[in-house]
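Fold and geometry: a report
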Amino acid sequence: DNGLNTAATLFLPIATALSEPLCVFYAKSIYSKLVVAKRPAVPGDTALVNMPWMLIAAHGCAESARMVGMFSGAVREGAFTQFTW
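Residues numbered from 1 in each chain as written. Predicted model: local features only at pLDDT ≥ 70, side-chain atom pairs only at ≥ 80, totals over all residues. Heavy atoms only, no water.

A separate point is the overall build of the chain. Counting its secondary structure elements, the chain contains 2 helices and 0 strands. Buried residues in the chain amount to 15% of all 85 residues. Considering only intrachain contacts with a sequence separation of at least 6, the fraction spanning at least 24 residues in the chain is 62%. (Helix = DSSP H or I, 4+ residues; strand = E, 2+ residues; numbered from the N terminus. Buried < 20%, exposed > 50% of the residue type's maximum accessible area, 1.4 Å probe, protein only. Contact = heavy atoms within 4.5 Å.)

Right, here's the structure in full:
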């Protein structure tokens, strides 16, 4: 082991924590630009109803990747270390 396993165990949770807000912001801006802005504002418009589900899906993917990274680090090392918070 040359330290790459520890680096990977550190990198994955941090990378997913940083990339999730960026993906959420990107999805929100693209959805607002492509869907909401092109529709006329009418009472009962449901164009914004899908947006929370897109955010929930992004959070679920990021959280599952983070948990799998932490679990695989714990399995490789034999126990949770200070690196897997």
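The next subject is the packing of helix α1 (residues 4–36) against helix α2 (residues 50–77). It is at 9 Å that the axes of α1 and α2 come closest, and there the two elements cross at 175 degrees. Between α1 and α2, the crossing angle belongs to the class labelled roughly antiparallel. Partitioning the contact of α1 with α2 into residue classes produces 12 nonpolar, 8 polar and 5 charged. (Axes fitted to C-alpha atoms, helices over the stretch in contact; angles between N-to-C directions. Parallel < 35°, antiparallel > 145°, perpendicular 65-115°, else oblique. Nonpolar A, V, L, I, M, F, W, Y, C, P; charged D, E, K, R; others polar.)

A few words on α2. Here α2 spans 41 Å end to end across 28 residues, near enough to the 40 Å set by a 1.5 Å rise per residue. Looking only at α2, the buried set comprises Met 51, Ala 62, Gly 69, Met 70, Gly 73 and Ala 74. In this structure, the buried side of α2 is in contact with α1. Of the residues trailing α2, Gly 78 is marked for its positive phi of about 95 degrees. (Expected span 1.5 Å × (residues − 1).)

Take Glu 20: it is sitting in helix α1. By relative accessible area, Glu 20 is classed as buried at 19%. Setting aside its immediate chain neighbours within four residues, Glu 20 contacts Ala 58, His 59 and Ala 62.

Quick look at α1 now. Spanning 33 residues, α1 covers 45 Å between terminal C-alpha atoms, matching the ideal 48 Å at 1.5 Å per step. Buried residues along α1 sit in contact with α2.

Attention now moves to the environment of Leu 55. Topologically, Leu 55 is positioned in helix α2. The spacing of Leu 55 and Phe 25 is 30 residues in sequence and 9.3 Å in space, taken between C-alpha atoms.

Taken together, the side chains of Tyr 26, Ile 30 and Leu 34 present a nonpolar region at the surface, about 310 Å² in accessible area. Along the chain, the position of Leu 34 falls in helix α1. Accessibility expressed as a relative area gives 53% for Leu 34, which makes it exposed. (Patch = residues over 30% accessible without salt bridge, like charges linked within 9 Å, V, L, I, M, F, W, Y side chains within 5 Å. Areas by Shrake-Rupley, 256 points an atom, 1.4 Å probe, with all protein chains shown as cover. Salt bridge = Lys/Arg side-chain N within 4 Å of Asp/Glu carboxyl O.)

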